[in-house]
Amino acid sequence: MTKPIVVVGSINMDLVARTHTIPRPGETVIGTGFETTPGGKGANQAVAAARLGYPVKMIGMVGEDVFGQALLENLSDAGVGVWAVDRVEGPSGVAPILLAESGENSIVVVPGANGKVDCAYIDKNIELIRGAGMVLLQLEIPMATNARVMEICADAGVPVMLDPAPAAGLPEGVWSKMAWLTPNETEAAFYLGRSTETEAAAKEFLSRSVQGVVLKRGAEGAYVASQVRKDGPGAPSAVGETRAEWVPAFNVEPVDTVGAGDCFNGAFGVALMEGRDPWEAARFASAAAAISVTRRGAQASMPTRAEVEGFLACH
Ligand code: RIB
């Protein structure tokens with residue numbers, strides 16, 4: 001039986017205001033549109049993988065407000081298993097987002113229920129994690145919770161892909177527990193303590209015992225480097241050597257880049273689980289992300305498998 005991808009992470013309602021330009025501190029600008037649309041890095045990655053037809057289960061929490069109900073329904077409609085998503089007292093996570101015409105965005109995440117996903121809740125769902133083919137993590141739930149998930153995965157031999165966003169100090173000893181780390185440029189600079197050329201940054205992450213790294217560089221593409229082999233799909237591929245290559249991005253006209261990185265991670269996870277090598281998997285993920293930026297909304301923009309295959313066939 002196919003082992004599911006399990007996503008442990010945030011579920012937010014995105015409150016998106018569209019503007020010509022993002023206002024500076026103290027400035028007021030007139031917006032051109034507003035929408036509430038499901039988001040949250042965890043839920044976005046879960047929906048991205050589920051739309052591609054892969055079995056996905058989510059561990060997380062929403063509030064007992066109207067957003068909570070809508071977020072749960074949206075996940076479930078996308079095909080994500082939600083029996084480990086609890087409704088808890090208080091508000092759901094929300095993310096006020098400013099989206100400029102250029103595609104640039106700025107996001108504030110207010111955790112709400114996501115902040116209540118604690119280690120006890122993880123232990124309650126431990127069998128789900130142990131039975132996963134791969135676990136996807138981000139940093140919008142408490143850090144101690146993410147550390148606990150990584151520990152369980154390390155003991156059970158389940159590969160973990162960490163999207164280290166938003167950037168935050170990681171606990172000691174977690175680097176070697178990651179099969180994949182997928183920072184963007186700003187996050188890579190945060191974790192390395194300085195801005196570093198992409199290829200050198202990848203080497204440095206690998207030297208910290210991360211097994212595989214994908215440096216997401218938006219329109220430039222992704223730099224994929226992997227080091228040590230672990231058995232089973234989803235793990236990095238080279239044995240005792242490093243293979244590192246750029247996977248170029250597809251050239252599309254973006255209308256909304258919110259959730260594009262999440263789309264990449266969800267699709268990358270699916271492609272690895274299906275046995276593609278990491279560079280092929282990154283090309284597949286890059287096609288999915290390219291489609292997603294041509295549409296509005298985070299979860300609303302995630303493509304189906306037929307759409308990704310159709311896109312790849314003509315690019
Ligand atoms: O990565 C994009 C996501 O970041 C948004 O959907 C928002 O909810 C925040 O979590």
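All values derive from a computational prediction rather than experimental measurement.

Draft legend 1. Highlighting the overall build of the protein chain. Summing up its helical and strand segments, the protein chain has ten helices and 13 strands in all. For a compact globule of 315 residues, the expected C-alpha radius of gyration is about 20 Å, and the protein chain comes in at 18 Å, within 12% of that figure. With the principal axes as the frame, the protein chain shows a C-alpha extent of 55 × 45 × 40 Å. Counting only residues that meet the buried cut, the protein chain has 52% of its 315 residues in that class. Of the contacts formed within the protein chain by residues at least 6 apart in sequence, a portion of 68% connects residues at least 24 apart. Here the protein chain contributes 25 positive and 36 negative side-chain charges, whose respective centroids are spaced 3 Å apart.

Draft legend 2. Highlighting the packing of helix α1 (residues 41-51) against helix α8 (residues 260-273). Running from N to C, α1 and α8 cross one another at 45 degrees; their axes reach a closest spacing of 7 Å. Taken together, α1 and α8 sit at an angle that is classed as oblique. Like other packed secondary-structure pairs, α1 and α8 cross with a definite hand, here right-handed. Counting all contacts with α1, which are made through Lys41, Asn44, Gln45, Ala48 and Ala49, the residues of α8 involved are Asp262, Cys263, Asn265, Gly266 and Val270.

Draft legend 3. Here's a closer look at the site of the ligand. In the vicinity of the ligand, 13 residues are found, and the nearest of them are Asp14, Gly40, Lys41, Glu140 and Asp262. For the ligand, whose accessible area on its own is 280 Å², the fraction buried by protein is 95%. A molecule is said to occupy a pocket when more than half its atoms come within 2 Å of that pocket's grid points, and by this definition the ligand occupies the largest pocket.

Draft legend 4. Just the packing of aromatic side chains, in detail. Taken as a whole and judged by the stated rule, the model has seven aromatic pairs. An angle of 85 degrees between the planes, with centres 5.0 Å apart, marks the rings of Phe190 and Tyr191 as edge-to-face. With a relative accessible area of 44%, Phe190 lands in the partly exposed category. Following the ring pairs from residue to residue traces out a cluster consisting of Trp175, Phe190, Tyr191 and Phe205.

Draft legend 5. Just unusual backbone geometry, in detail. In this structure, the amide linkage connecting Ala165 to the following residue, Pro166, adopts the cis form with an omega of -10 degrees. Take Pro166: it is sitting in the loop between β9 (160-162) and β10 (180-181). A positive phi angle, close to 80 degrees, is found at Ser209, a residue other than glycine. Relative to the elements of secondary structure, Ser209 occurs in the loop between α7 (198-207) and β11 (212-216). Note on Ser209: relative accessible area 37%, which makes it partly exposed.

Draft legend 6. Representation of the sheet that holds strand β6 (residues 93-100) within the structure. In space, the four strands of this open sheet follow the order β3-β2-β6-β7, with mixed pairing throughout. Sheet topology places β3 (31-39) and β7 (105-107) at the edges, where each strand pairs with a single neighbour. Sheet twist, expressed as the mean angle between neighbouring strand axes with direction ignored, is 20 degrees. When β6 meets β7, the two strands line up antiparallel, connected through three bridges. When the sheet's bridge partners are listed, Leu98 is paired in β7 with Ser106. In this fold helix α2 (residues 66-77) packs onto β2 (12-19), β3 and β6, with an angle of close to 95 degrees to the strand it touches most, β2.

Draft legend 7. Representation of the pairing of strand β1 (residues 5-8) in the model. By the alternation rule, side chains of β1 split into Ile5 and Val7 and Val6 and Val8, which are all buried. Here four bridges tie β1 to strand β4 (residues 56-63), and the two strands are oriented parallel to one another. Across the sheet, the residue bridging to Val6 is Lys57, located in β4. By the bridge criterion, four bridges tie β1 to strand β8 (residues 134-137) in an arrangement that is parallel. Its bridge partner lying in β8, Val7 is registered against Leu136.

So, how was this worked out
Residues numbered from 1 in each chain as written. Predicted model: local features only at pLDDT ≥ 70, side-chain atom pairs only at ≥ 80, totals over all residues. Heavy atoms only, no water. Helix = DSSP H or I, 4+ residues; strand = E, 2+ residues; numbered from the N terminus. Rg over C-alpha atoms; globule rule 2.2 N^0.38 Å. Buried < 20%, exposed > 50% of the residue type's maximum accessible area, 1.4 Å probe, protein only. Contact = heavy atoms within 4.5 Å. Lys, Arg positive; Asp, Glu negative; His and termini not counted. Charge placed at Lys NZ, Arg CZ, Asp CG, Glu CD. Axes fitted to C-alpha atoms, helices over the stretch in contact; angles between N-to-C directions. Parallel < 35°, antiparallel > 145°, perpendicular 65-115°, else oblique. Left-handed = near helix turned anticlockwise from the far one by under 90°. Near = heavy atom within 4 Å. Areas by Shrake-Rupley, 256 points an atom, 1.4 Å probe, with all protein chains shown as cover. 1 Å grid on protein atoms, 1.4 Å probe; cavity = no way out; pocket = protein on both sides within 12 Å on 5 of 7 lines; lining within 4 Å. Sits in = over half its atoms within 2 Å of the grid points. Phe/Tyr/Trp six-rings, centres within 6.5 Å; stacked < 30°, edge-to-face > 60°. Pairing = 2+ DSSP bridges.

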